[in-house]
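Reading the structure
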Amino acid sequence: MDWEIEKAYSFDAGKQEGLQEKAVEDALMLIDEYKEKPEIAAKKTNAPLELVLEALKQNNKTN
């Protein structure tokens, strides 16, 4: 029975991580296409501001 609980927890954690990644991607799109400030884009997409800023730094390094 314990493995079922662990499996469900792992699935939920993975789902949350995926939703967070999507929110960061959406925030980056708002910043790029609509020139939103990172703080506003993060708030609109419910993305953690720290992750949005980190993703912006990564994009600037690769561009």
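Given the structure is predicted, the values throughout are model-derived calculations rather than measurements. Each chain has its residues counted from 1, running along the sequence as written. Only residues with pLDDT of at least 70 get local features here, since the model is predicted, and only at 80 or more are side-chain atom pairs given and counted; chain-wide, interface and lining totals rely on the full set of residues. Side-chain numbers come from the whole structure's heavy atoms, not from hydrogens or water.

1. Some words on the overall build of the protein chain
Helix and strand labels come from DSSP, where a helix needs a run of H or I of at least four residues and a strand needs a run of E of at least two; each type is numbered from the N terminus. Of the regular secondary structure elements, the protein chain holds three helices and zero strands. Reading the helices (α) and strands (β) of the protein chain from amino to carboxyl end gives α-α-α. Using C-alpha atoms as the atom set, the radius of gyration is obtained and then compared with a globule rule of 2.2 Å times the number of residues to the power 0.38. The C-alpha radius of gyration of the protein chain comes to 15 Å, more than 25% above the 11 Å expected for a compact globule of 63 residues. With the C-alpha coordinates of the protein chain rotated into their principal frame, the extents come out at 50 × 25 × 15 Å. Relative accessible area decides the class of each residue, using a 1.4 Å probe on protein chains only: under 20% of the type maximum gives buried, over 50% gives exposed, and in between gives partly exposed. The proportion of buried residues among the 63 residues of the protein chain is 22%. Each accessible area value is a Shrake-Rupley result obtained with a 1.4 Å probe; residue values ignore everything except the protein chains displayed when judging cover. Put simply, the protein chain shows about 5300 Å² of open surface, and 54% of that area lies on carbon and sulfur atoms. On the protein chain, the mean spot of the 9 positive side-chain charges and the mean spot of the 14 negative ones are 8 Å from each other. Think of it this way: Lys and Arg go in the positive column, Asp and Glu in the negative one, and His and the chain ends go nowhere. By convention, the charge on Lys lies at NZ, on Arg at CZ, on Asp at CG and on Glu at CD.

2. Side note on helix α2 (residues 38-45)
Of the positions making up α2, those classed as buried are P38, A41, A42 and T45. Take α2 and look down its axis: the buried residues cluster within an arc of 100 degrees, on one side only. Turned more than 90 degrees off the buried face of α2, the exposed positions are K43 and K44. Directions pointing from the helix axis toward each C-beta atom define the arc.

3. A look at the packing of α2 against helix α3 (residues 49-62)
Here α2 crosses α3 at 125 degrees, and the two axes come no closer than 9 Å. Classified by the angle between their axes, α2 and α3 sit oblique to one another. α3 is crossed by α2, and the crossing has right-handed handedness. Seen from α2, the contacting residues are P38, E39 and A42; seen from α3, they are L49, V52, L53 and L56. Amino acid classes used here: Ala, Val, Leu, Ile, Met, Phe, Trp, Tyr, Cys and Pro are nonpolar; Asp, Glu, Lys and Arg are charged; the rest, including Gly, are polar. Looking at the contact of α2 with α3 residue by residue, the classes come out as six nonpolar, no polar and one charged. Each axis is a line fitted through C-alpha atoms, and for a helix only the stretch in contact is used; angles between axes span 0 to 180 degrees, taken between their N-to-C directions. Note that the term roughly parallel is reserved for angles under 35 degrees, roughly antiparallel for angles over 145, roughly perpendicular for angles of 65 to 115, and oblique for everything else. Handedness of a crossing is defined here by the sense of rotation of the near helix relative to the far one, left-handed for an anticlockwise turn of less than a right angle and right-handed for a clockwise turn. Only heavy atoms matter for contacts: two residues are in contact if any of them lie within 4.5 Å across the pair.

4. Regarding the nonpolar core
Working definition of a nonpolar core: buried Ala, Val, Leu, Ile, Met, Phe, Trp, Tyr and Cys residues. They are joined through side-chain atoms within 4.5 Å. With 12 residues, the main nonpolar core is built from A23, V24, A27, L28, L30, I31, A41, A42, A47, V52, A55 and L56. With six residues, the single largest contributor to this core is helix α1 (residues 2-34). Apart from residues lying up to four places away in sequence, L30 is in contact with K35, E36, A41, K44 and T45.

5. As for the confidence of the model for the protein chain
Scored by pLDDT, the protein chain comes out at a mean of 90, with 94% of its residues at no less than 70. For every residue, the predictor states its confidence as a pLDDT score lying anywhere from 0 to 100. Across the protein chain, the secondary-structure element scoring lowest on mean pLDDT is α1, at 87, and the one scoring highest is α2, at 98.

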